[in-house]
Amino acid sequence: MADDWDDLVLDEDFIRSAGTTEPSARARMLAARWREEEPEPQPWRSDEPPAGWFFSKRRRRWRRG
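Read on for a plain summary of the structure. Not measured: the values here are computed from a predicted model.

Analysis parameters
- Residues numbered from 1 in each chain as written.
- Predicted model: local features only at pLDDT ≥ 70, side-chain atom pairs only at ≥ 80, totals over all residues.
- Heavy atoms only, no water.
- Helix = DSSP H or I, 4+ residues; strand = E, 2+ residues; numbered from the N terminus.
- Buried < 20%, exposed > 50% of the residue type's maximum accessible area, 1.4 Å probe, protein only.
- Areas by Shrake-Rupley, 256 points an atom, 1.4 Å probe, with all protein chains shown as cover.
- Patch = residues over 30% accessible without salt bridge, like charges linked within 9 Å, V, L, I, M, F, W, Y side chains within 5 Å.
- Salt bridge = Lys/Arg side-chain N within 4 Å of Asp/Glu carboxyl O.

**Digging into the overall build of the protein**
From N to C terminus, the protein includes two helices and zero strands. Relative to its full complement of 65 residues, the protein shows a buried share of 2%. By element, 51% of the accessible surface of the protein is carried by carbon and sulfur atoms, the whole surface being about 8000 Å².

Structural data, given as structure tokens:
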């Protein structure tokens, strides 16, 4: 008895023709959060650097040994 899947070829053309419609987990999480409460507008550029900025106020002094 031949199975229906025996003749199926999963080649590159088949894979590239498959559509993607499901959003990522991050996108689903943000959409659910924003449905409850809209996010505050954020400026495109601000005077304050983001958290964890490379050039923080606390700098280390490197000594040559």
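**Some points on a nonpolar patch on the surface**
A cluster of nonpolar side chains, contributed by Trp5, Leu8, Leu10, Phe14 and Ile15, occupies part of the molecular surface with about 570 Å² of accessible area. Along the chain, the position of leucine 10 falls in the segment before helix H1 (12-17).

**Focus: the pattern of salt bridges**
Any two side chains of opposite charge can pair, on the condition that their charged atoms come close. Overall, the coordinates contain two salt bridges when judged by the stated rule. Note that arginine 16 and glutamate 12 form a salt bridge whose closest N and O atoms lie 2.9 Å from each other. Of the two residues, arginine 16 and glutamate 12 both sit in helix H1, four residues apart, roughly one turn of that helix. For glutamate 12, a relative accessible area of 51% gives the class exposed.

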